[in-house]
Amino acid sequence: MMRKNEPSDLDLEVLQHEENGRLHWFDVDRRAFLKFLGGGMLVCLAAPRARAQESGRSSGGGRELPKDVGAWLHIGSDGAITVFTGKVEMGQNIRTSLSQQVSEELRVPLESIQIVMGDTDLTPWDAGTFGSRTTPTMGPQLRAAAATAREQLLDLAAERWQTDRAKLTASGGKISNPATSQALAYGELTRGQNLVRVIGADPAVSPAREWKVAGRPAPKVDGRDFVTGKHQYTSDLTRPGMLHGKVLRPAGFKAAFVSLDAGQAEKIPGVRVVRDGDFVGVVAPDLWTAERAMAAIRTQWNVPPQPSGKELFEYLKKNEETGGRDARQIKGSVEQGMASADFKLAQTYTVEHIAHAPLEPRAAVAEWNGEKLTVWTGTQRPFAVRDELAEAFRISPERVRVQVPDTGSAYGGKHAGDAAVEAARLAKAAGKPVRVAWTREEEFTWAYFRPAGVIEVSSGARRDGTVVAWEFHNYNSGPAGIATPYAVANQMIQFHPVKAPALRQGSYRGLAATANHFARETHMDELAHAAGMDPLEFRLKNIADPRLKAVFEAAAEKFGWGRQKAAAGRGFGIAGGVEKGGYVATCAEVEIEGPSRHVRIRRVVEAFECGAVVNPDGLRNQVEGAVIQGIGGALFEAITFENGRITNPHFAQYRVPRFTDIPRIETVILDRKDLPPAGAGETPIVGLAPAVGGAVFAATGVRLRSLPLAPKGLEKN
Amino acid sequence: MSRLVLTVNGARRSVEAPPEESLLSVLRDRLQLTGTKYGCGEGQCGACTVLLDGLPARSCRTQVSEAAGKKITTIEGLAKNGRLHPVQAAFLEAEAFQCGYCTPGMIVSAVGLLERIPDPGEEDVAKHLTGNICRCGTYPRILAAVKQAAQTMRKK
């Protein structure tokens, strides 16, 4: 349906979700833009945002990746394999799954591989680790590099032995000639020299059916470091002479100083106060002293009036960005479809802002060595953060190195480089390395949120359950997963961006696919009910895609859908969809408990298919994790805010899933070795909320159309 | 600043710190024991859990002066002579982690539980560990690992 030369869904997400603006404006920004524009402050502050959007657009894609093997992997003279990728590890387990794929193609033991990840001086450029792109893009890239290296090694050995290369085999880190019992280790062949062969269009990669290392469970490559506390996250790193930094946070969003008195803070021994533009920070030899110093700064702020949570959905509807390109996706004629329908339905669905709340709050360590800035930070986009730093300090990107230690999770929340810029600014002033590690409250307030949204759906169907008209409007939450996977002849689907979102918003695991699946699948459930059909039967009636049908059937089979009746006070629900190349179907059983009619999820069965599976054990971990994270957004997570302030920035107020919330979870993985692998970090999250909503309806007859569904139980809704 | 003597993982450690500084901050920034994590600073997430005389405590809400005179055990002190504690071994075996940031606090909390309740049911484990957050949602594997560790420890 998408027109040619129009941005893809991924580009749209990049535009909508990866541009978060900057938290700080330094004096140099103001001077530069005053000079540039010769005009007032408001214009000045708006200008860099527009500029940043340009760079956000170009970083979404379009760069040529290196084609020579040497950029991606190196074989040491001792046979040690070092792989280079700009992707980062944050719990999704790609350090292991990528190692498996290199091991597979290079025919070397898994243990001989080290992967350098997310280091802007050492690894090829990368747009970032988001959008479930590692498995479908970086996996094939590294498999191709490793297969090409293997072929080159075979050629080198054939040349050395003056023999036919077809007689040689690569195995166990050696090239062998079975006929002569000759063998040379890879390191002896390369002698540590770079591999210079170019990766061709058709590298000799092994088909998934023949995989021996990939396609099987492999334990996390450095798992032991995580159970012993040895692994160092950014927030654990120290540098010689390192100071600890804290940054002053305004009393509300978009606040301006009325007054600032840092006199008491400056009197504390070892403390230095740094002020630049609207940025105020302190450094001290230890965190405790830095915190005391920050608490001693007296400030008054002017917080401008801004939208509050209670008027959120009305605000989103009223502030549509108009005049952009025609974003309607049209198929057939909705009008004609509606005219041929036996019954029609129109409903509105809403989703609140939610927070990623990664357990490691964002952090950075920055160090200036002469003209070179080095920053360690847990980000999903090291190259974009490098550019952000270069822009903030007006230096060329070549003078900035960003390194990403394996990170304490992100879920789409660590795209921006705020902590990196803060640490670098303080380190520059202090002339020493500085670590900035955000508090939980800072993380809940000054990061960014999954966008809230309003989704309006109207539809028409025939008596036999065929959906004949489908109109779908999403305000603000995003275009990911907006297309219906059902075979509907007449459709009109549109994403409506909002001019100025109510809160700083950005990417989140699955992007808007969770919101769009919630609205679509809840609506499908409502249509099924209106048609007097079973929710599964109704969906199957409208599915043409055999892969989608397969996951629905697999989930239903495992769950026992249709073979049993729910007990009193309980209900079953089912939902599914297609997103980022993965197919998912989720069945849920809920129980309504106690006087507040609390919704407890008792059982979840999720079927997932993402082509050929690279690491089945890692995949199950991702799928279960997505289901569990999905419970929070489905039932109780919501950011509350009032006039520029977040009113629940603590775990005591913002409830996330805990042990006592966890149902019995069963996953069914459909391994399609005949299909290329797709990513799995996001799609498994999208089916849970509508499945739970459907189960609540089945149990009670109450149809819930807002996420979270029942933060305080059904009585309070 | 005062000079305090702490017993950490069986060793006496002398440290200069304000007595009201959090034990977490002292362990991480003054003793370089960074295995214990900051997650919220409010005792709500369990990432900073250590054992004080064998009992789980939130080090972010414990003043260092309160810990002086008690036996402090951190994640770094569980393995003996390179041999993992059965709870660590069970977490590794079950791959009961994703990003791993909650893992030290989870393991230390579980060790504290198994010291008191050697044969916990699933509900005991869930109830005892519900103060520990895993945002990656690895809870089912953590439950399985703790039960496995309990079995190993009872055999000893």
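If you're wondering where the values come from, they're calculated on a predicted model, not measured in any experiment. Throughout, a residue's number is its position along its own chain's written sequence, starting from 1. Ligands are numbered from 1 and chains lettered from A, in the order in which they are written. Local features are withheld for residues below a pLDDT of 70 in this predicted model, meaning they are given only at 70 or higher, and side-chain atom pairs are given and counted only at 80 or more; totals for whole chains, interfaces and linings count all residues.

Peer 1: I'm lost on the overall build of chain A in this one. Help?
Peer 2: Put simply, DSSP H or I for four residues or longer makes a helix, DSSP E for two residues or longer makes a strand, and each gets a number counted from the N terminus. In terms of regular secondary structure, chain A is built from 19 helices and 27 strands. Relative to the compact-globule value of 27 Å for 717 residues, chain A shows a C-alpha radius of gyration of 27 Å, a close match. Within chain A, contacts between residues at least 6 apart in sequence are counted, and of these 78% link residues at least 24 apart. For this measure, only C-alpha atoms enter the radius of gyration; the expected value for a globule follows 2.2 Å times N^0.38, where N is the number of residues. Each residue gets a C-beta atom placed from its backbone, and two residues are in contact if those atoms lie within 7 Å.

Peer 1: Would you explain the confidence of the model for chain A in this entry?
Peer 2: Residues and elements named next belong to chain A. Residue-level confidence of the predictor, termed pLDDT, takes values from 0 up to 100. With 92% of its residues at a pLDDT of at least 70, chain A reaches an overall mean of 92. Below pLDDT 50 for its whole length, residues 1–6 participates in three contacts with residues either more than four positions away or in separate chains. pLDDT under 50 marks residues 36–60. Its contacts with residues more than four places away, or in other chains, come to 26 contacts.

Peer 1: Mind showing me how you'd approach the sheet that holds strand β1 (residues 73–75) of chain A here?
Peer 2: Paired through their backbone hydrogen bonds, the strands of a sheet run either parallel or antiparallel. Residue and element names in this part refer to chain A. The mixed open sheet is built from three strands, whose spatial order is β1-β2-β3. Edge strands, defined here as strands with exactly one partner in the open sheet, are β1 and β3 (113–117). Across the sheet, the mean angle separating the axes of adjacent strands is 20° when strand polarity is ignored. At least two bridges found by DSSP between two strands are what make those strands a pair. Across five bridges, strand β2 (residues 81–85) lies against β3 in parallel orientation. Within β3, the residue paired with T82 across the bridge is Q114. Only the stretch in contact is used when fitting a helix axis, every axis being a line fitted to C-alpha atoms; angles between N-to-C directions are given from 0 to 180 degrees.

Peer 1: Explain the interface of chain B and chain A to me, please; I cannot follow it from the model alone.
Peer 2: By a frequent convention, interface size equals the accessible area lost on bringing the separate parts together. Counting residues at the interface gives 42 residues for chain B and 44 residues for chain A. Looking at the side of chain B that touches chain A, the elements with two or more residues in it are α1 (23–30), α3 (86–94), α4 (103–116), α5 (122–129) and α6 (139–155) of chain B. Under this grouping Gly is polar, as are all residues other than the nonpolar Ala, Val, Leu, Ile, Met, Phe, Trp, Tyr, Cys and Pro and the charged Asp, Glu, Lys and Arg. The residue inventory of the side of chain B that touches chain A, partitioned by class, reads 22 nonpolar, 13 polar and seven charged.

Peer 1: Whenever I open this one, the domain arrangement of chain A confuses me. Can you help?
Peer 2: Domain assignment breaks chain A into domain 1 (69–218), domain 2 (234–304 + 362–437) and domain 3 (531–716). Put simply, the middle of domain 2 of chain A and the middle of domain 3 of chain A, counted by C-alpha atoms, are 39 Å apart. Domain delimitation in this document rests on an assignment produced automatically or drawn from a domain database.

Peer 1: Hey, could you run me through the environment of G465 of chain A in this one?
Peer 2: Residue and element names in this part refer to chain A. Locating G465 in the fold gives a position in the loop between β18 (453–461) and β19 (467–475). What makes G465 buried here is the crowd of 20 C-beta atoms within 10 Å. Once you skip the residues sitting within four places of it in the chain, G465 turns out to touch A531, M533, F538 and K541. Exposure is read from a count of other C-beta atoms within 10 Å of each residue's own; the residue is exposed at 12 or fewer, buried at 20 or more and partly exposed in between. C-beta atoms are placed from the backbone.

Peer 1: How should I be thinking about the environment of V604 of chain A in this particular structure?
Peer 2: All names here are of chain A. Here V604 is to be found in strand β23 (residues 598–609). Its 28 C-beta neighbours within 10 Å are what place V604 among the buried residues. C-alpha of V604 to C-alpha of I574: the two residues are 30 residues apart in sequence and 9.7 Å apart in space. When neighbours within four sequence positions are excluded, V604 is seen to be in contact with T586, A588, V627, P663, I665 and L688.

Peer 1: I'm lost on the domain arrangement of chain B in this one. Help?
Peer 2: Residue and element names in this part refer to chain B. The domain boundaries assigned to chain B delineate domain 1 (2–74) and domain 2 (86–155). Domain 1 and domain 2 are separated by 21 Å when their C-alpha centres are compared. Contacts between the two partners involve 14 residues from domain 1 and, on the opposite side, twelve residues from domain 2. Of all the elements in the fold, those that place two or more residues in the side of domain 1 that touches domain 2 are β3 (49–52) and β4 (55–58). Residue contributions to the side of domain 1 that touches domain 2 peak at three residues, all from β3.

Peer 1: Would you explain the sheet that holds strand β13 (residues 343–351) of chain A in this entry?
Peer 2: All names here are of chain A. With mixed pairing, the six strands of this open sheet are ordered in space as β12-β20-β19-β18-β13-β27. Both edges of this open sheet fall to β12 (329–331) and β27 (706–707), since each of them pairs with a single strand only. Where helix α15 (residues 513–531) meets the sheet, its contacts fall on β13, β18, β19 and β27, and the angle it forms with β13 comes to roughly 150°.

Peer 1: What should I look at first to understand unusual backbone geometry in this one?
Peer 2: Glycine aside, residues mostly have negative phi angles, and peptide bonds mostly take the trans form. All names here are of chain A. A cis amide bond links L707 with the next residue in sequence, P708, at an omega value of 0°. Note on placement: P708 falls in the segment after β27. Even without a glycine there, the phi angle at R394 is positive, about 55°. With respect to the helices and strands, the residue R394 is situated in the loop between α12 (382–393) and β16 (400–403). On the basis of neighbour counts, which here come to 10 C-beta atoms within 10 Å, the residue R394 falls in the exposed class.

Peer 1: What am I meant to see in the packing of α3 of chain B against α4 of chain B here?
Peer 2: Two quantities define a packed helix pair, namely the angle between the helix axes and the distance between the axes. Residue and element names in this part refer to chain B. Between α3 and α4, whose axes approach to 9 Å, the crossing angle comes to 130°. Comparing their axes, α4 and α3 come out oblique. Between α3 and α4 lies a crossing whose hand is right-handed. Touching V87, Q88 and F91 of α3 are T103, I107, A110, V111 and L114, all from α4. Across the contact of α3 with α4, the residue classes tally to six nonpolar, two polar and no charged. Throughout, the term roughly parallel applies to angles under 35 degrees, roughly antiparallel to angles over 145, roughly perpendicular to angles from 65 to 115, and oblique to all others. Each helix crossing is assigned a hand: it is left-handed if the near helix lies turned anticlockwise from the far helix by less than a right angle, otherwise right-handed if that turn is clockwise.

Peer 1: Just to check I follow, could you spell out helix α9 (residues 287–296) of chain A for this structure?
Peer 2: One turn of the α-helix equals 3.6 residues, which is why residues spaced by three or four share an orientation. Burial in α9 of chain A covers these residues: L287, W288, T289, A290, A293 and M294 of chain A. For α9 of chain A, the secondary structure elements touched by its buried residues are β7 (243–247), α8 (263–267) and β10 (279–284) of chain A together with α1 of chain B.

Peer 1: Can you walk me through the nonpolar core in this structure?
Peer 2: Most often, soluble globular proteins have nonpolar side chains that are buried together. The term nonpolar core refers to a group of buried residues, namely Ala, Val, Leu, Ile, Met, Phe, Trp, Tyr and Cys, whose C-beta atoms join them within 7 Å. One finds A423 and V692 of chain A to be the most contacted residues of the largest nonpolar core, which totals 253 residues. Here V692 of chain A is in contact with G573, A588, V590, I601, A634, L635 and L709 of chain A, once residues within four sequence places are set aside.

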